Every structure is written in C-alpha cells, then in structure tokens.
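Now for the letters of each chain:
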Amino acid sequence: MDRIRIRGGKPLSGNIPISGAKNAVLALMPAALLAAGPLRLTNVPNLADVATMTALLRHLGMEVAHDTAARAVTIAGPATVHEAPYDIVRKMRASVLVLGPLVARHGIARVSLPGGCAIGTRPVDLHLKGLEAMGATITVEAGYIEARAPTGGLQGARIIFPVTSVGATENLLLAATLANGETELVNAAREPEIEDLVLCLMRMGARIEGIGTDRLRIQGATSLAAASHPVVMDRIEAGTYACAAAITGGEVLLEGARLEHLGAVARVLREAGVGVNEEPAGLRVTRMNGLHGVDVVTEPFPGFATDMQAQFMALMCVAQGASMVTETIFENRFMHVPELTRMGARINVHGASAIVRGVLRLSGAPVMATDLRASVSLVLAGLAAQGETVVNRVYHLDRGYERLEEKLAAVGADIERLA
Ligand code: EPZ
C-alpha cells in the first residue's frame, strides 16, 4: 500500500477542494490543553499526522472525539499525564507543541526531544530558551525535555527570536496565554497558520495583539474557555495543486484557496507564466503559454515557502530556460533532486542553491520518496512525464495530503495507489 503509479501527459481540468491546513491543525489541537472546556475544531483534514496528534493527546488523558463525516474534532481535558513519550514524538516533530501548554496549565511537562528528520537537525533551542525566559526550569536528559514552571506559574516576558521559527512562536504563544502578566514575542513567525492559532486562542478568551505581524503581545489569563474554530485552508496543498495544473498544462479551480495565503508563491507562479486568479469560490490556476524559468529563494512568510520548494523545482524542470532555487530554511531539503534527475531533469546543486535547466519532457521512472514535500514533487513530475512513474514510500504523502490520488484523478490524472 505504499506505492503510487502515475501515467503522465494528461492536462488537469476541473475543481480541487482544498482541505484544512496540516500545519494549522497540529498547533490548534494542543491549544485544547489550555482550556477549561472543550475545543471543537472544524474543517479538520483527515491526515496521518492528525491521527498521531490524536494519539498523543489521548496519551495525555484528553478526550479526543473525531466526527469524520463533519470533518470535526472535539478535544476535552484536563490532561492527567504530562509526559509525551519518544515512541509518539519520534513519529511527528510537531508533538513538541504540547510542551508550552502543559507547562502553562499544569506547571510541568516531560517531552521527548523531537530529534532531527530527513530535512535537517530541527533543533528546539528557541522553544526552550523562551520558556526559560518565562521562568521555567528546563533540564534535558536521557533524550527528554523536562520543564517546570516557577511557583505561581510562568511569568510574562519579552522574547526576541534571533531566527524566525514557526514552532517556537506557536509553543510560546500557547504558553503565554496562561502566564502571569504580558508576554511580547518579537520577530515572531507570520505564517497564516500562526494567525489562525491567534484567532482560535482569542475565541477561547485569550487577549492577543499584533495578529498577522511579527510582534505579538499576549496578556496572560487565569483560564481559557471552550470554543469552536474552523481550521484555515492549507496554502501548501493549494500551492502544490497549482503546480500540478501548471506542470500538466491544465486549468483547475482550487476551491477555498485564498490568494493572500499563498504569499510569494502566487507571484512567482505568475512570473513563470502561470495564471493565478482569485474568484469567489477560490483560486483559478491556468497554464497560459510556455513556462519559463524563475529564480526563487525560500524565506519565512510572506516570502516563498520552503514547503513549496520541491514542488516548484519539479515545475522548473520543464520550464524554458534556467531557474536557481535557493533553500535558506533547512540544511538538507534537496533530496528530491536525485530522483527528479532519474526522470531526466537537469539539476546541479551547489550548496544551498540548485540550478535547474528546463527540458522538453521528463520520462517516467520508479522513484523513491524521502519526505513529505519531496514525495509530492515526484508525483508532480510523474503527472508531466512521458510514460509511467511509480513513487515508492508514499506513506510520507499520507502525512500531509488528504486523498491525494482521488483529488488528482477527479481532474483527469491517470493515477492510482498500488497495493
Ligand atoms: C514548521 O516547522 C512546519 N511544520 C514545517 O512544515 C515548515 O517547513 C517550517 O515550519 C518552516 O515554515 C509544522 O508547522 C508542523 P521552524 P518548524 O521552527 O516549526 C530553525 C511540512 O512539510 N530553528 O520555523 O519545525 C530550524 O532549524 C513541514 O509541512 C532553530 O534553530 O520550523 C529551521 O532552520 C516541514 N531553533 C528554521 O529555524 C528552534 O528552536 C525554521 O524552523 C526552532 C527552529
């Protein structure tokens, strides 16, 4: 069940429904640890990572009730266990987002160090330094982080991030909502998923200023209340399918997608010759004429998303001319390059930059997936390639893309999952 076969060369045409954002829901679910009442999330995507977060919250003693038909989940506490074990955390690094809420609500947390992953070492030093600035005592031993709040609870603090970090912003934002006094997060991440978390916390009664900016001010409260919140749409899923339409020379309507959330991705796609136009129902993506090479540098939002780098590189493989793709966020995020090369792509990597020289056609081949976004870039290449592509290890895909082959088949792709 972990292979997908694609027969390329068919332009996509039709509507693709965009699901709720993986990287939003993985920060929203731990927010329930803070609340005195249940948190109900709607527009929840059906993803492997959501199942992993569900298992972790249940391990902590939370009641997690999924209503799959309604695409909703209701999470009620309080947590009775304050330890996130290695065997869960190692499956999904976002598990570290239970650290801040547990310390803020219960004064103690013991969370396995998430460790690195295929794309980089992925440290959590900024998460820990921020909690220490709020008065927590942090010890790291035997692969576990142990955090204890001071007597009386965490204290508000001014925290300046030397590096923009989505996860550190989320963990400290969560913790600050129940700290004593005001916390200011300076150089905070501005991704739409952070904005969505702020909106949800405000619905729960948190007092937060600076939404959507890189400076968040949080007035700590004594408790947060029950609330209901719709998960924001997944801008990376939308950008991925925009690349699918572009690479196959088709036209699709990305239902529910919002231009403002694509940030620089929309601008770069337009520069490459892809039509991206907002309509009431979502974004219409059209391959106008030939694609041409465009240089990109990945940056924190609103810059070009690192999570779109592999997908855009696949697109540039069949553009006219050359493109330089520079990855500035993670140290090892070019693992799709050797696999794309096996399909006939012409790519040379020089440190953090890859030079892509467009070719007329890619050719289908058996390829290996290594991480979520590298996997999907191989699917995109397969959609455009001549012949058959089999992508192995597609369990990576299931972590972040809901019903990927169904959504693509519904707009004309010849794609199926092999037993
Ligand atoms: C989130 O990861 C996303 N994951 C990633 O998406 C995404 O690529 C990344 O943000 C950047 O946008 C989730 O939201 C679950 P960071 P996160 O902290 O929070 C360094 C996907 O494909 N750093 O913003 O782990 C770090 O090494 C995944 O959906 C520190 O040095 O990313 C990196 O170079 C992949 N110390 C940079 O900051 C820290 O304490 C950005 O990392 C934390 C981060």
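Residues numbered from 1 in each chain as written. Predicted model: local features only at pLDDT ≥ 70, side-chain atom pairs only at ≥ 80, totals over all residues. Heavy atoms only, no water.

> What am I meant to see in the overall build of the protein here?
Each helix and strand counted, the protein has 15 helices and 24 strands in total. In terms of C-alpha radius of gyration, the protein reaches 21 Å, essentially the compact-globule figure of 22 Å for 419 residues. If one aligns the C-alpha atoms of the protein with their principal axes, the spans along those axes are about 65 × 45 × 40 Å. Across the 419 residues that make up the protein, the buried fraction comes to 56%. If you sum the accessible surface of the protein, you get close to 15400 Å²; carbon and sulfur atoms cover 51% of it. (Helix = DSSP H or I, 4+ residues; strand = E, 2+ residues; numbered from the N terminus. Rg over C-alpha atoms; globule rule 2.2 N^0.38 Å. Buried < 20%, exposed > 50% of the residue type's maximum accessible area, 1.4 Å probe, protein only. Areas by Shrake-Rupley, 256 points an atom, 1.4 Å probe, with all protein chains shown as cover.)

> Looking at this model, I keep getting lost on helix 1 (residues 22-31). Mind explaining?
Three- or four-residue spacings in an α-helix give side chains the same orientation, since the helix completes a turn every 3.6 residues. Counting buried residues in helix 1 gives nine out of 10 residues, a clear majority hidden from the surface. Lys22, Ala24, Val25, Leu26, Ala27, Leu28, Met29, Pro30 and Ala31 are the residues of helix 1 that are buried.

> Please clarify how the nonpolar core should be interpreted in this entry.
One broad trend across soluble globular proteins is that nonpolar side chains are buried collectively. Core analysis: the biggest nonpolar cluster contains 78 residues, and Leu41, Leu57, Val98, Leu154, Leu173 and Leu201 have the highest contact counts within it. Sort the elements by how many residues they give to this core and helix 1 lands first, with seven residues. The residues touching valine 98, leaving out its near neighbours within four places in the chain, are Pro30, Leu33, Met53, Leu56, Leu57, Leu60, Ala84 and Val111. Counting residues in each nonpolar core, the second largest holds 75 residues, with Ala264, Val265, Phe334 and Val376 among its members. (Core = buried A, V, L, I, M, F, W, Y, C linked by side-chain atoms within 4.5 Å. Contact = heavy atoms within 4.5 Å.)

> Honestly, the site of the ligand in this entry has me stumped. Any pointers?
The ligand sits among 23 residues. The nearest are Asp125, Ser165, Val166, Asp307 and Ile329. For the ligand, an oxygen atom lies 3.4 Å from a polar atom in the side chain of arginine 93. At 3.3 Å from an oxygen atom of the ligand is found a side-chain nitrogen or oxygen belonging to arginine 333. Here the ligand has 830 Å² of accessible area as a free molecule, and 85% of this is covered by the chains. Elements represented by at least two residues in the shell around the ligand include exactly helix 1, helix 5 (125-133), helix 6 (166-176) and helix 13 (372-384). (Near = heavy atom within 4 Å. Polar contact = N/O pair within 3.5 Å; in protein donor to acceptor, adjacent residues only side chain to side chain.)

> Looking at this structure, how should I read the pairing of strand 3 (residues 39-42)?
Remark: a regular strand shows side chains that alternate across the two faces of the sheet. Side chains Leu39 and Leu41 of strand 3 all project onto a buried face; the interleaved residues Arg40 and Thr42 project onto a face where none is buried. Bridging between strand 3 and strand 14 (residues 227-230) involves four bridges; their strand directions are parallel. Residue pairing in the sheet places leucine 41 in a bridge with histidine 229 of strand 14. (Pairing = 2+ DSSP bridges.)

> It is not clear to me how empty space enclosed by the protein should be interpreted in this structure. Could you clarify?
The gaps of empty space that remain are located by a probe, the size of a water molecule, rolled over the atoms. This model, assessed by the stated rule, comprises two cavities of 30 Å³ or more. By volume, the largest cavity amounts to about 40 Å³. Lining the largest cavity are Ser19, Gly20, Lys22, Pro45, Leu47, Asp234, Glu237, Gly400, Tyr401 and Glu402. Tallied by class, residues from the lining of the largest cavity come to three nonpolar, three polar and four charged. Volume-wise, the second largest cavity comes out at about 30 Å³. (1 Å grid on protein atoms, 1.4 Å probe; cavity = no way out; pocket = protein on both sides within 12 Å on 5 of 7 lines; lining within 4 Å. Points joined across faces, edges and corners; volume = space filled by probe spheres on them. Nonpolar A, V, L, I, M, F, W, Y, C, P; charged D, E, K, R; others polar.)

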